[in-house]
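The lines below spell out each chain.
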Amino acid sequence: MTLPGSPHVAYRGGELFVEDCALGRLARRFGTPLYVYSRSAMLAALAGYQRALAGRDHLICYAMKANSNLAVLQIFAQAGCGFDIVSGGELERVLAAGGDAAKVVFSGVGKTRAEMARALEAGVACFNVESESELELLSQVAVQVGRTARISLRVNPDVDPKTHPYISTGLKGNKFGVAHERAVATYRRAATLPGIEVAGIDCHIGSQITETGPYLDALDRVLDLVESVEAHGITLHHLDLGGGLGITYTDEQPPAAEALVKAMLARIDTRGHGHRKIVLEPGRSLVGNAGVLVASVLYLKPGGAKNFCIVDAAMNDLMRPAMYEAWMSIVSCTLRDEPPQTMDVVGPVCESGDWLGRDRHLAVQPGDTVAVLSAGAYGMSMASNYNTRGRAAEVMVSGAQAWLIRDREAPADLFRGEHLLPR
Ligand code: LLP
């Protein structure tokens, strides 16, 4: 049986493996719910981008919101990546993982004064500025701390990425970026501000994009702007083309990273911009297919309208199905020689929205383990403690080795920092 997603997650003799580790064994060793990641799958995904960019001045900034475990960051830092961050917290993670602040781009619509000051002190490569008022504040803060903030404006190209509305970011009605028609004026203002040095231009149109067309449309709009801005004597050294490349959850067929980036580079060269440094911010496409969420089956609950398979992972562990009605593949870790039944796979949380998969065909019994595939991106990083459920443990696999990279949270961890009232 071939599975959608990564070749590093596959059956061998009826047992599901991540690289050379059987998930059933990992579940017994580390408990469930358990996130398991393949280091080789992450590096293979990165290699696609690296091949396309070889020989060019470039920086791949892993969008760490997709999965910000320190060990994941360490792998990408060691492979030469920078990071796309969206908070002061993410910056501290980069530094704790041994990442280089000089390879960090700082995105996000709501950077605070304190976050700006800390990022300037750490020496981040670039602030992706999302509004005119942010630009003014950033200049003030930079002057105060005696630094210069290198910036690019995140421009909103008004292109439809043809993905879920919650993860589209490049349309006019979105809160992200500076409107295309305001961009030139904002760059001209930036060029006059004392704390600011204009470095480049940035755009990110959405996530889980499965077509090349929207990227090329956005790129054309960005290059038009570059030409207008430079006509005013302001040099843009780099083009940051964001992230957003989709992965296969079921039958999506996104372009390979290498092909997509090559298509973009060809357009950049044709339009005479080949000398510029290229920055990319991929998140999901680097880690999504590399991870699975392993859960134990607690109960089977046959019903009139629906059969339920109640597992020990829930919406707090993996929010994507509840939040976006995302379809994620769910398979048994050990295949049984029994006919599959149709069932909804749900968690223990007290919400009807707490489901991981609907109408799935599974042959499972209580005590079995199942795996939600392609859960390496926006799984653990979006997990919560709802229902006072500790967050799952995380394990990194390389070949036959498995390392615990995050402890399972214990109840005491969950109310650390809370205080009873005085009696
Ligand atoms: N750069 C910026 C400015 C972003 O906002 C994002 C993602 C990325 C890069 C990385 O995009 P990626 O390559 O991962 O598509 N929680 C949602 C996805 C939210 C994406 C937010 N921004 C999900 O689970 O589908």
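(A) View of the packing of aromatic side chains. For the coordinates displayed, the defined rule picks out four aromatic pairs. Considering the side-chain rings of Tyr35 and Tyr37, the 6.1 Å spacing of their centres and the 20° angle between planes classify their relative orientation as stacked. Classification of Tyr35 by relative accessible area gives buried; the value is 0%. Tyr37 sits in the buried class, given a relative accessible area of 0%. Geometrically, the ring pair formed by Tyr62 and Phe76 is tilted, given 4.6 Å between the ring centres and 35° between the ring planes. Residue Tyr62 is found in strand β5 (residues 58-63), and its partner Phe76 is found in helix α3 (residues 70-78); the two are separated by 14 residues along the sequence. Of the aromatic side chains, those joined through ring pairs into one cluster are Tyr62, Phe76 and Phe83. Sitting above the plane of the Phe17 ring, Arg12 keeps its charged end 4.7 Å from the centroid.

(B) Structural context of the pairing of strand β1 (residues 9-12). Judged by which residues are buried, β1 turns out to be one-sided: Val9 and Tyr11 face inward and are buried, whereas Ala10 and Arg12, on the alternate face, are not. Inspection of the sheet shows β1 paired to strand β2 (residues 15-18) by four bridges, in the antiparallel sense. By the bridge assignment for β2, Ala10 is matched with Phe17. The antiparallel hairpin formed by β1 and β2 contains two residues in its connecting segment, where Gly13 sits at a positive phi of about 55°.

(C) Here's a closer look at the site of the ligand. In the vicinity of the ligand lie 17 residues, with Ser207, Glu281, Arg320, Tyr324 and Tyr378 positioned nearest. Contact distances for the ligand include 3.4 Å between an oxygen atom and a side-chain N or O atom of Lys65. The side chain of Asp84 places a nitrogen or oxygen atom 3.3 Å from a nitrogen atom of the ligand. When the residues that make up the shell around the ligand are grouped by side-chain class, the tally is six nonpolar, five polar and six charged. Here the shell around the ligand spans two domains, and each of domain 1 (9-38 + 288-414) and domain 2 (107-282) adds at least three residues to it.

Calculation rules
Residues numbered from 1 in each chain as written. Predicted model: local features only at pLDDT ≥ 70, side-chain atom pairs only at ≥ 80, totals over all residues. Heavy atoms only, no water. Phe/Tyr/Trp six-rings, centres within 6.5 Å; stacked < 30°, edge-to-face > 60°. Buried < 20%, exposed > 50% of the residue type's maximum accessible area, 1.4 Å probe, protein only. Helix = DSSP H or I, 4+ residues; strand = E, 2+ residues; numbered from the N terminus. Lys NZ or Arg CZ within 6 Å of the ring centre and 35° of its normal. Pairing = 2+ DSSP bridges. Near = heavy atom within 4 Å. Polar contact = N/O pair within 3.5 Å; in protein donor to acceptor, adjacent residues only side chain to side chain. Nonpolar A, V, L, I, M, F, W, Y, C, P; charged D, E, K, R; others polar. Domains from an automatic or database assignment.

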